[in-house]
Amino acid sequence: AQKVTQAQTEISVVEKEDVTLDCVYETRDTTYYLFWYKQPPSGELVFLIRRNSFDEQNEISGRYSWNFQKSTSSFNFTITASQVVDSAVYFCALSGTTDSWGKFQFGAGTQVVVTP
Amino acid sequence: DAGVTQSPTHLIKTRGQQVTLRCSPKSGHDTVSWYQQALGQGPQFIFQYYEEEERQRGNFPDRFSGHQFPNYSSELNVNALLLGDSALYLCASSALGQGYEQYFGPGTRLTVT
């Protein structure tokens, strides 16, 4: 069985502060994919990043960066210099490659509130 | 290139009624997945369709059924609606073999009264 845990329910920051979202996952698959999605109040899920289990290289894309550590089954996501437009619910998701192929397991989400 | 589209945007139904939600996948995609997102929760996988057949199913009762048409569009049907079925229903499409790359539609907000 797959499981994704986002322990942080809500994070409130002031604009320009950095925000780090935690994600811990469980899977028995040796090959899997991890994702971060953003869901603004409109409801549509916006794809942010994807990593596969073979690539633990951490990268930066604009104001987004992520820290993938297989040893601790964590896939944390950071928004640098937050802006009001970053206010949304952020979901971490996992997709295995065996019987769960294409079946996304989402965490409960973390509400990010950025105030001016 | 149109992305994933869903209709209707919003829907209000009465307990016990039946509802049909529709999804058109992104151009070039042949696989459609449906998710239910209750308020304050993450999306939950309902089922996935490919070649007009249900390939995978999550932990949802038989009241939830689906269909995929030859043009790859899909419908989600829910019978005997319960108050607890009120949620945002999201459709996602992908190409077979690329299940890791799913594109989500804007969703249908269903309210059961």
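This text follows the structure it describes.
Note that the coordinates shown come from a computational prediction; the quantities given were computed from them, not determined experimentally.

(A) Representation of the state of the cysteines. Residue and element names in this part refer to chain A. Enumeration over the complete set of coordinates arrives at 2 disulfides over all chains. Two residues share a disulfide in this structure: Cys 23 and Cys 92, whose sulfurs sit 2.0 Å from each other. As the torsion about the S-S bond is roughly -65°, the Cys 23-Cys 92 disulfide counts as left-handed. Highlighted residues: Cys 23 in the loop between β3 (19-21) and β4 (24-26) and Cys 92 in strand β10 (residues 88-96), separated in sequence by 69 residues.

(B) Layout of the pairing of strand β5 (residues 32-39) of chain A. Residues and elements named next belong to chain A. Within β5, 8 of the 8 residues are buried, which leaves it mostly tucked inside the rest of the structure. Burial along β5 is two-sided: Tyr 32, Leu 34, Trp 36 and Lys 38 and Tyr 33, Phe 35, Tyr 37 and Gln 39, pointing in opposite directions, are all buried. Taking the residues that link successive antiparallel strands as the turn, the β5-strand β6 (residues 46-52) hairpin has 6 residues, and the phi of Gly 43 there is positive, at about 100°.

(C) Quick look at the interface of chain B and chain A. Facing 22 residues of chain B, the contacting portion of chain A comprises 18 residues. Carbon and sulfur atoms supply 53% of the area buried between chain B and chain A, which totals about 1,600 Å² over both sides. Of all residues in chain B, B:Gln56, B:Tyr100 and B:Phe104 bury the most surface against chain A, accounting for 36% of the area lost on that side. Linking chain B with chain A are 3 residue pairs in polar contact (both at pLDDT 80 or more). Counting only elements with at least two residues in the side of chain B that touches chain A, the list comes to β4 (31-37), β5 (44-50), β6 (53-57) and β9 (87-94) of chain B. At 3 residues, β4(B) tops the list of elements feeding residues into the side of chain B that touches chain A.

(D) Up close: the layout of surface pockets. Taken as a whole, the second largest pocket holds about 330 Å³ of empty space. Every residue lining the second largest pocket is counted, 19 residues in all, and those nearest its centre are A:Gln39, A:Val89, A:Phe91, B:Gln37 and B:Gly40. Among the elements of the structure, β10 and β12 (110-115) of chain A are those that each provide at least two residues to the lining of the second largest pocket. No other element matches the 3 residues that β10(A) contributes to the lining of the second largest pocket. Each residue belonging to the lining of the second largest pocket can be placed in one class, and the counts come to 9 nonpolar, 9 polar and 1 charged.

(E) Structural context of the sheet that holds strand β1 (residues 5-7) of chain B. Residues and elements named next belong to chain B. With antiparallel pairing, the 4 strands of this open sheet are ordered in space as β1-β3-β8-β7. Pairing within the sheet leaves two strands with one partner each, and these edge strands are β1 and β7 (64-68). Adjacent strand axes in the sheet meet at a mean angle of 20°, parallel and antiparallel pairs treated alike. For β7 and strand β8 (residues 74-78), the ladder comprises 5 bridges, and the chain directions are antiparallel. Bridge pairing in β8 links Phe 64 to Val 78.

(F) Summary view of the packing of aromatic side chains. The full count for this structure, using the stated rule, is 21 aromatic pairs over all chains. Arranged with centres 6.2 Å apart and planes meeting at 90°, the rings of A:Phe91 and A:Phe106 form a pair that is edge-to-face. In this pair, A:Phe91 sits in strand β10 while A:Phe106 sits in strand β11 (residues 105-106), placing the two residues 15 residues apart along the sequence. Comparing A:Phe91 with A:Phe106, the two get one shared label, buried. Through a chain of ring-to-ring contacts, three or more aromatic side chains come together here, namely A:Phe35, A:Tyr37, A:Phe47, A:Phe91, A:Phe104, A:Phe106, B:Tyr35, B:Phe45 and B:Phe104.

(G) Spatial organisation of the environment of A:Ser87. Residue and element names in this part refer to chain A. Tracing the backbone through its elements, the reader meets Ser 87 in the loop between β9 (74-79) and β10. Separated by 28 residues in the primary sequence, Ser 87 and Thr 115 place their C-alpha atoms 8.4 Å from one another. With residues near it in sequence (within four places) discarded, Ser 87 still touches Val 112, Val 113 and Val 114.

Cut-off values and rules
- Residues numbered from 1 in each chain as written.
- Chains lettered and ligands numbered in written order.
- Predicted model: local features only at pLDDT ≥ 70, side-chain atom pairs only at ≥ 80, totals over all residues.
- Heavy atoms only, no water.
- Disulfide = S-S within 2.5 Å.
- Helix = DSSP H or I, 4+ residues; strand = E, 2+ residues; numbered from the N terminus.
- Buried < 20%, exposed > 50% of the residue type's maximum accessible area, 1.4 Å probe, protein only.
- Pairing = 2+ DSSP bridges.
- Contact = heavy atoms within 4.5 Å.
- Buried area = accessible area lost by both parts, 1.4 Å probe.
- Polar contact = N/O pair within 3.5 Å; in protein donor to acceptor, adjacent residues only side chain to side chain.
- 1 Å grid on protein atoms, 1.4 Å probe; cavity = no way out; pocket = protein on both sides within 12 Å on 5 of 7 lines; lining within 4 Å.
- Points joined across faces, edges and corners; volume = space filled by probe spheres on them.
- Nonpolar A, V, L, I, M, F, W, Y, C, P; charged D, E, K, R; others polar.
- Axes fitted to C-alpha atoms, helices over the stretch in contact; angles between N-to-C directions.
- Phe/Tyr/Trp six-rings, centres within 6.5 Å; stacked < 30°, edge-to-face > 60°.

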